[in-house]
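Structural features, examined
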Amino acid sequence: MLPGGDPSDWEVASEGEFHIVAAAPNRGVVRVARQEGHVDEMRRVAALRTRLATFDLPFQIPVPLTDVVEHDGRAAVAMTWVAGQPAPKGEPRVAGARDLLDALRSIDVAQLDGLLASPRAYAGGARWHELMSQACRAPPAG
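For clarity, every value in this text was computed on a predicted model and none was experimentally measured. (Residues numbered from 1 in each chain as written. Predicted model: local features only at pLDDT ≥ 70, side-chain atom pairs only at ≥ 80, totals over all residues. Heavy atoms only, no water.)

1. Observations regarding the packing of aromatic side chains
Under the defined criterion, the tally for this structure stands at zero aromatic pairs. Positioned over the ring face of tryptophan 128 is arginine 120, at 3.9 Å from the centre of the ring. (Phe/Tyr/Trp six-rings, centres within 6.5 Å; stacked < 30°, edge-to-face > 60°. Lys NZ or Arg CZ within 6 Å of the ring centre and 35° of its normal.)

As structure tokens, this is what we get:
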């Protein structure tokens, strides 16, 4: 997906809940959906990143280098390289969070119309309240 370079430069950078990310350091990354059927969601996120990159934000936004492609039901997209390190699992990085949130708060949300996920989409979406109520009523496991 990225032109030029040696294919041996690629490495699996992370295997998250939703994506596998292969990286060619200082060149780009390729995000591959872990499950089938997420091509529309990946296209939405790619468009959101492209739009966010047009704002004067104090941090870099990885943006698509290619269109989102689908192969055997799984979506993938090449993205620009943004230097840094992933946060270790279970250890959130809070330094700079206020600055990040202030920068995002400065954006007129109307300019992101149609690009934002529905509230709590990652955790049941419109069913979130129902699912949380069920989880709170359930007896403890074990």
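Structure shown, so let's carry the discussion forward.
2. A closer look at the nonpolar core
Judged by nonpolar contacts, Val21, Ala23, Val29, Ala33, Val39, Met42, Ala46, Val68, Ala75, Val77 and Met79 together constitute the single largest core of eleven residues. Counting residues per element, the ones that place at least two in this core are strand S2 (19–24), strand S3 (28–33), helix H1 (39–52) and strand S5 (74–80). Those residues in contact with valine 21 that sit more than four places away from it in its chain are Glu11, Val12, Ala13, Ser14, Val29, Val30 and Arg31. Listed in part, the nine residues of the second largest apolar core include Leu48, Phe55, Ala103 and Leu115. (Core = buried A, V, L, I, M, F, W, Y, C linked by side-chain atoms within 4.5 Å. Buried < 20%, exposed > 50% of the residue type's maximum accessible area, 1.4 Å probe, protein only. Helix = DSSP H or I, 4+ residues; strand = E, 2+ residues; numbered from the N terminus. Contact = heavy atoms within 4.5 Å.)

3. Section: unusual backbone geometry
Even without being a glycine, aspartate 72 presents a positive backbone phi close to 50°. Within the element layout of this structure, aspartate 72 appears in the loop between strand S4 (69–71) and S5. Even without glycine at this site, arginine 120 takes up a positive phi of about 60°. Looking at where arginine 120 falls in the secondary structure, it is placed in the loop between helix H2 (97–105) and helix H3 (128–137). Arginine 120 sits in the partly exposed class, given a relative accessible area of 40%.

4. A look at the pairing of strand S1 (residues 11–15)
Where S1 and S2 come together, four bridges link them in antiparallel fashion. Residue pairing across strands places glutamate 15 opposite isoleucine 20, the latter belonging to S2. Counted along the chain from S1 to the antiparallel partner S2, the turn is three residues long. (Pairing = 2+ DSSP bridges.)

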